[in-house]
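Structure at a glance
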Amino acid sequence: MKAVLTFFATDEEAARVRAKIPKDTELFVPKSRPNLSRLECAMKDVGDQLAGADAVMGWVMPPGGFDRAKKLKALVWLHAGCDELDYRMLKERGIKVANIRGANAISVAEQAMALMLAVAKRIVVNHQSVQIAHWEPQDRLRPEHKGMMLEGKTLAIIGLGSIGAAVAKRARAFDMRVIGVRRHPEKGGEHVDAVHGFADLLKVLRQADFVLLATPITEETFGFIDEDAIRAMKPTAVLINVARGNLIQEMPLYEALKENRLAGFGTDVWWNYTNSLPPTYHYPIPSRTGIQRLPTVVGAGNRAGVAAEGTIGRVIDLGTESLAAFLRGQPMPRMIDLDLGY
Amino acid sequence: MKVLLTWYATDAEVARVRNAMPPGTTVFAPATRPNLCRLEIEYDDVAKEAPDADVMMGWMVPDGIYELAKNLKCFVWLHGGADDLDKEMFKRRGIKVANIRGANSVSTAEHTFALLLGIAKRLVIKHKALLESHWEPYGSNRPEYEAVILEGKTIGIVGYGMVGSAVGKRAKAFDMRVAGVRKHPERGGVAADSISGPAGMLDVLAESDFVVLSVPLTKETFGFIGEAAIKRMKKTAFLVNVGRGNLVQERHLHAALTENRIAGYASDVWWHYVHSFPPTYGLLQPSRTGLQKLPNVIGTMGQAGVAVPGIISKSIDFGSESAAAFIRGEPMPRTVDLDLGY
């Protein structure tokens with residue numbers, strides 16, 4: 001069997017992968033020089049090797065890579081979300097897919113708390129004031145300078161997987177009331193005061209002071225935070241997104257923030273513009289409404305899952321587990337249901 | 001007995017204080033118009049009422065008023081700290097002093113976590129990168145973009161009072177190890193894995209990944225985080241200050257931050273320059289070393305206590321309780337020990 005890594009693994013990382021897969025596996029690791037990031041690669045780096053590959057593991061697949069990899073039977077996708085993959089093609093070709101869900105749940109949960117507190121305490125605007133030595137009289141703080149409390153507030157967590165549950169645990173230590181919304185409410189949830197199904201979404205949004213999106217993006221959840229959902233939220237509420245930008249319809253969110261119908265937005269994920277004009281050659285930007293420049297918005301550039309110490313190593317270890325299982329002819333842990341999309 | 005309020009109290013606030021006092025108490029509040037902030041006051045607006053005041057209560061007292069208030073027996077300071085009071089003068093004149101410690105301890109603990117996560121996740125620099133559409137390639141290993149995980153780390157909390165223990169409780173939900181330092185270690189500490197006395201502080205600093213200062217500013221703690229203390233900290237450690245700016249010796253901190261001998265600093269409190277040249281006409285600024293502009297620093301300006309809904313009323317209620325107790329000849333809640341300074 002042959003496995004191809006689509007990232008420029010260090011010698012140490014390659015050795016760690018090799019140590020866990022069957023001895024007779026042919027493992028290819030690109031050796032050329034990376035362009036921007038060693039976690040990405042181009043066809044010139046792996047193309048020749050893909051033709052014979054039984055399995056591929058990495059964060060990216062260069063355009064055309066799947067066509068080249070005619071023998072491909074397993075893909076280990078080193079992301080928690082698989083929304084970028086062409087599920088129909090993978091299903092038709094019988095390619096099994098595993099992801100690394102859970103590897104970065106703690107890192108993302110911590111990022112969610114960081115964003116929630118940053119918006120609640122207006123950390124960025126206040127930091128900017130300190131830098132320029134601007135000091136407003138205490139009794140006349142503008143709303144974007146004024147902090148809010150977490151204690152006693154209601155947090156709605158949409159998506160009660162490993163990230164949602166980890167946030168719930170932390171939020172409870174801040175004495176918040178936590179309500180979960182999940183596809184299977186009958187599964188219940190740890191550290192939550194109540195669990196609802198998606199049918200109750202608007203009802204839950206009406207009660208929440210903070211709303212956290214921690215759900216995979218699927219056909220059902222694409223753009224599900226729409227005008228109705230945003231209008232259901234309190235004007236004093238704060239929305240936090242650590243899942244995918246496209247879960248939210250951008251224009252109604254932008255308008256709500258602009259008109260102070262929503263008190264804040266904290267996000268680690270941004271919109272991905274497909275079906276947009278011009279269809280290509282446009283430059284990537286966080287948001288076409290410029291939402292990131294509003295004073296009540298705090299954002300980071302999806303650094304939660306990867307750009308934390310030790311996360312890359314943990315991700316590779318989890319992926320290697322799935323890869324090794326496939327190579328031994330065993331069922332892969334963390335397989336993706338290509339119909340559900342997660 | 002006569003109670004003098006040293007701020008531009010609203011009618012509702014005056015009524016609130018009056019209702020809390022024993023019958024026969026006179027409550028006076030200036031009715032003139034404030035300059036910058038109604039919680040601050042001008043000399044002329046209280047000078048006439050000061051000589052026969054038995055009790056004074058407020059957020060500030062103009063220079064010269066204490067000398068006029070010959071009859072003063074009780075002073076209620078509507079702040080959590082008592083560091084800017086002349087304790088010797090109160091002792092000499094036998095004036096009892098109370099503060100409102102505890103009114104905003106949860107708010108301060110939440111703000112501590114906002115700062116701690118803000119610096120650990122490098123949120124401000126990432127938000128700035130986002131505004132500039134700068135996207136640091138993954139795996140670039142630039143420390144100012146790499147987030148740190150809280151889970152499994154040690155947090156050293158110097159000052160394990162109401163704020164410190166509320167921070168400790170929240171840190172446990174992030175699965176951190178909590179090492180508290182307090183003047184009376186024999187009193188133990190809620191949620192702490194270990195509690196040391198002041199003599200053990202340097203050892204706690206040496207083992208901590210995060211150090212939180214939540215200690216009153218006293219003769220003992222003024223500048224106690226100096227070169228020796230900073231040198232004991234790990235190169236990867238973050239310092240978070242919600243106590244007072246003057247707890248830390250600024251120049252040594254600045255040097256450690258610019259030479260990357262510690263990973264970062266986050267603060268809600270800034271230096272107060274007394275004994276500085278020129279002795280007066282000094283330009284008010286967060287830091288004379290310009291520390292607030294360093295990339296590994298984030299800061300806010302005394303926002304920790306302000307986020308509490310109704311904090312002004314809450315402070316007035318706490319203060320009135322102390323004043324009423326004094327007038328009835330009962331022991332005052334939240335009395336400040338003028339020898340200890342808190």
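The shown structure was predicted, so the numbers you read here are calculated from the model rather than taken from an experiment.

**What about the pairing of strand 4 (residues 74-77) of chain B?**
Residues and elements named next belong to chain B. Across the two faces of strand 4 the burial is the same, with Cys74 and Val76 and Phe75 and Trp77 all buried. Here strand 3 (residues 55-58) pairs with strand 4 via 4 bridges, running parallel. Considered in strand 4, the bridge of Met57 is made with Val76. Relative to strand 5 (residues 96-98), strand 4 is paired through 3 bridges, and the arrangement is parallel. The residue of strand 5 that forms the bridge with Cys74 is Lys96. Assessed by its sense of winding, the connection that carries the chain from strand 4 through helix 4 (residues 87-93) to strand 5 is right-handed.

**As for the interface of chain A and chain B**
Counting from both sides, the interface comprises 54 residues of chain A and, opposite them, 52 residues of chain B. For the pair chain A and chain B, the summed buried area comes to about 5000 Å², and 63% of that belongs to carbon and sulfur atoms. Counting the contacts that link chain A with chain B gives 4 salt bridges. Between Glu110(B) and Lys121(A) there is a salt bridge whose closest N-O contact spans 2.9 Å. If you look at where chain A meets chain B, you find 11 residue pairs in polar contact (both at pLDDT 80 or more). Of all the elements, helix 5 (residues 105-120) of chain A adds the most residues to the side of chain A that touches chain B, at 9 residues.

**Some details on unusual backbone geometry**
Even without a glycine there, the phi angle at Asp175(A) is positive, about 60 degrees. Looking at where Asp175(A) falls in the secondary structure, it is placed in the loop between helix 7 (162-173) and strand 7 (177-181). Here Asp175(A) falls in the partly exposed class, since its relative accessible area comes to 34%. Despite not being glycine, Arg122(B) shows a phi value in the positive range, around 55 degrees. A relative accessible area of 8% means that Arg122(B) is categorised as buried.

**Structural notes on the domain arrangement of chain B**
How large an interface is tends to be reported as the accessible area lost when its parts come together. Residue and element names in this part refer to chain B. When cut into domains, chain B gives domain 1 (2-103 + 309-327) and domain 2 (105-299). For domain 1 versus domain 2, the distance between C-alpha centres works out to 33 Å. Counting residues at the interface gives 6 residues for domain 1, matched by 5 residues for domain 2. Summed over both sides, the interface between domain 1 and domain 2 buries roughly 420 Å², with carbon and sulfur atoms accounting for 47% of that surface.

**Focus on the sheet that holds strand 3 of chain B**
All names here are of chain B. Read from one edge to the other, the open sheet built from 5 strands follows the order 2-1-3-4-5, with strand pairing classed as parallel. Two strands lie at the open edges of the sheet, namely strand 2 (26-28) and strand 5, each paired on one side alone. Taking the axes of each pair of neighbouring strands and ignoring which way they run, one obtains an average angle of 15 degrees across the sheet. Along the sheet face, helix 1 (residues 11-20) touches strand 1 (2-5), strand 2 and strand 3 and points at about 155 degrees away from the line of strand 2. Sheet strands in contact with helix 11 (residues 311-327) are strand 1, strand 3, strand 4 and strand 5, and its direction is about 170 degrees off that of strand 3.

**Let's talk about helix 10 (residues 250-258) of chain A**
Because an α-helix packs 3.6 residues into every turn, residues spaced three or four apart end up facing the same way. All names here are of chain A. Along helix 10, the residues that are buried comprise Glu250, Pro252, Leu253, Tyr254, Ala256 and Leu257. Where helix 10 is buried, its residues touch helix 9 (227-232), strand 10 (238-241), strand 11 (264-267) and strand 12 (297-299). One or two steps after helix 10, the chain reaches Asn260, where phi turns positive at roughly 55 degrees.

**Digging into the packing of helix 5 (residues 105-120) of chain B against helix 7 (residues 162-173) of chain B**
Residue and element names in this part refer to chain B. It is the contact of helix 5 with helix 7, at a shortest axis distance of 8 Å, that shows an interaxial angle of 50 degrees. It follows from the interaxial angle that helix 5 and helix 7 lie oblique. Of the two possible hands of crossing, helix 5 and helix 7 adopt the one that is right-handed. Contact residues: Ser105, Val106, Thr108, Ala109, Glu110, Thr112 and Phe113 in helix 5; Met162, Val163, Ala166, Val167, Arg170 and Ala171 in helix 7.

**Side note on the pattern of salt bridges**
Here the idea is simple: oppositely charged side chains can pair when their charged atoms come close. All names here are of chain A. In total, this model carries 35 salt bridges over all chains according to the counting rule given. For Lys234, the salt bridge goes to Asp209, with nearest N and O atoms at 2.9 Å. Within this pair, whereas Lys234 is found in the loop between helix 9 and strand 10, its partner Asp209 is found in the loop between helix 8 (201-207) and strand 9 (210-213), the two being separated by 25 residues in sequence. With a relative accessible area of 12%, Asp209 lands in the buried category. Connected through salt bridges with shared partners, the residues Glu12, Arg16, Lys20 and Asp317 form a single ionic network.

Thresholds applied
Residues numbered from 1 in each chain as written. Chains lettered and ligands numbered in written order. Predicted model: local features only at pLDDT ≥ 70, side-chain atom pairs only at ≥ 80, totals over all residues. Heavy atoms only, no water. Buried < 20%, exposed > 50% of the residue type's maximum accessible area, 1.4 Å probe, protein only. Helix = DSSP H or I, 4+ residues; strand = E, 2+ residues; numbered from the N terminus. Pairing = 2+ DSSP bridges. Right-handed = clockwise from strand over helix to strand, strands pointing away. Contact = heavy atoms within 4.5 Å. Buried area = accessible area lost by both parts, 1.4 Å probe. Salt bridge = Lys/Arg side-chain N within 4 Å of Asp/Glu carboxyl O. Polar contact = N/O pair within 3.5 Å; in protein donor to acceptor, adjacent residues only side chain to side chain. Domains from an automatic or database assignment. Axes fitted to C-alpha atoms, helices over the stretch in contact; angles between N-to-C directions. Parallel < 35°, antiparallel > 145°, perpendicular 65-115°, else oblique. Left-handed = near helix turned anticlockwise from the far one by under 90°.

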